[in-house]
Amino acid sequence: MRILAKEDGGIVSLKVIIPHPNESGTRKDESGKVVPAYFIREGSVLLNGQPLFELQLGPSVSKDPFLQFRFAGKKGDRLNLRFIDSRKLEYVAEAAVV
Amino acid sequence: MKRRTFLERSSMAAALVLLRPSTLAAAWSENHFQQVSIEKAFLDVLGTKDFNRSSRITIAAPPVASDSSAVPVEISSTIKGDQLYLFVEKNITPLVFSCALHGGALPFLSLTVKMKESSLLYGVVREGGKYHMASVHVDVAVQAC
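For clarity, every value in this text was computed on a predicted model and none was experimentally measured. (Residues numbered from 1 in each chain as written. Chains lettered and ligands numbered in written order. Predicted model: local features only at pLDDT ≥ 70, side-chain atom pairs only at ≥ 80, totals over all residues. Heavy atoms only, no water.)

A. Broad picture of the overall build of chain A. When its secondary structure is counted, chain A shows 0 helices and 7 strands. Of the contacts formed within chain A by residues at least 6 apart in sequence, a portion of 53% connects residues at least 24 apart. Carbon together with sulfur atoms contributes 51% to the accessible area of chain A, which is approximately 4,100 Å² in total. Counting 15 positive and 12 negative side-chain charges, chain A places the centres of these two groups 2 Å from one another. (Helix = DSSP H or I, 4+ residues; strand = E, 2+ residues; numbered from the N terminus. Contact = heavy atoms within 4.5 Å. Areas by Shrake-Rupley, 256 points an atom, 1.4 Å probe, with all protein chains shown as cover. Lys, Arg positive; Asp, Glu negative; His and termini not counted. Charge placed at Lys NZ, Arg CZ, Asp CG, Glu CD.)

Next up, the structure:
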């Protein structure tokens, strides 16, 4: 996962890319077989340890999801991100607002 | 910032990434992400299919999507909502995401969405138990779902 959080005028813009196949379960491969569903289902963003965003995601999100959020914050604020996919694998990242 | 620019930005802080099985019980609402009609999805997720249309919600999306496997969609609102939703009417699973907003979180979310075919997109903002909605139409040039 790659994240970037930039503050401008008291508003932080948070950009997140999660490399993930995010298969919807409806796509067929070259041989015509359905590729099993495998996608990111849950996400959370904590700001200085407090909940900020809590997400539930479905199979309609693209491959390698690119998400952008906005919130009130300042430089140096701590962000903790956690995403969980349909195989219960966790993707965790932390960063400071710049 | 364009996605490509973002990917290529070398100064971006490398994030700590861990991969491990989750020990927490899943809170994912399976019943919200079923293969149903848009009306049924509204009822399942929001408990209603009648909303106020609001000019205070903006959905930014390309009118014609050249790549339907990753259509950039942005919802923003001046309503001080506590929950955001995005639905794609013609997708097999209409609900794309639901997002709870806490503290200083602003009602803004941008993400890349798969689209099965040309469709209406519905953005919904919940404010104190009331739902507000806006929609846009996106044409899909080539199917890639």
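B. Seen up close, the sheet that holds strand E5 (residues 66–72) of chain A. Strand order across the open sheet formed by 6 strands is E1(A)-E2(A)-E5(A)-E8(B)-E5(B)-E3(B), with antiparallel pairing between neighbours. In this open sheet, the two strands that pair with only one neighbour each are strand E1 (2–8) of chain A together with strand E3 (57–60) of chain B. In this sheet, neighbouring strand axes are inclined to one another by 15 degrees on average, regardless of whether the strands run parallel or antiparallel. As defined by bridge partners, strand E2 (residues 11–17) of chain A adjoins E5 of chain A across 7 bridges and the pair is classed as antiparallel. Across the sheet, Ile-11 of chain A pairs through a bridge with Ala-72 of chain A, a residue of E5 of chain A. (Pairing = 2+ DSSP bridges. Axes fitted to C-alpha atoms, helices over the stretch in contact; angles between N-to-C directions.)

C. Highlighting the side chain of Ser-98 of chain B. Inspection of the secondary structure puts Ser-98 of chain B in strand E7 (residues 95–101). Judged by relative accessible area, Ser-98 of chain B falls into the buried class, the value being 6%. Sequence-distant contacts of Ser-98 of chain B, that is, excluding residues within four places in its chain, are made with Glu-54, Leu-55 and Gln-56 of chain A together with Gln-83, Leu-84 and Tyr-85 of chain B. (Buried < 20%, exposed > 50% of the residue type's maximum accessible area, 1.4 Å probe, protein only.)

D. View of the confidence of the model for chain B. All names here are of chain B. This prediction gives chain B a mean pLDDT of 86; 79% of its residues lie at or above 70. Predicted confidence is poor over residues 10–14, with pLDDT under 50, and the contacts of this stretch with residues over four places away or in other chains come to 5 contacts. Considering only residues more than four positions removed or in separate chains, one finds that residues 20–26, a stretch of pLDDT under 50, has 14 contacts. Model confidence for the complex is summarised by a pTM of 0.87, with the ipTM given as 0.94. (pLDDT = per-residue confidence, 0-100.)

E. Geometry of the packing of aromatic side chains. This model, assessed by the stated rule, comprises 10 aromatic pairs over all chains. Between Phe-39 of chain A and Trp-28 of chain B the ring centres are 5.8 Å apart and the planes differ by 65 degrees, which places this aromatic pair in the edge-to-face class. You can see Phe-39 of chain A sitting in the loop between E2 and strand E3 (40–47) and its partner Trp-28 of chain B sitting in the loop between strand E1 (18–21) and helix H2 (38–46), one on each of two chains. For Phe-39 of chain A, a relative accessible area of 6% translates into the label buried. Aromatic pair Tyr-85 of chain B and Phe-87 of chain B: ring centres 6.4 Å apart, planes at 25 degrees, arrangement stacked. Phe-87 of chain B matches Tyr-85 of chain B in its accessibility class, with the two residues each being buried. (Phe/Tyr/Trp six-rings, centres within 6.5 Å; stacked < 30°, edge-to-face > 60°.)

F. Representation of the environment of Leu-14 of chain A. Residues and elements named next belong to chain A. You can see Leu-14 is positioned in strand E2. A relative accessible area of 0% places Leu-14 in the buried class. Once the C-alpha coordinates of Leu-14 and Arg-82 are considered, the two residues, 68 residues apart in sequence, prove to be 14 Å apart. The contact partners of Leu-14, leaving out residues within four places of it in the chain, are Ile-3, Leu-4, Ala-5, Val-45, Leu-67, Gln-68, Phe-69, Phe-71, Leu-79 and Leu-81.

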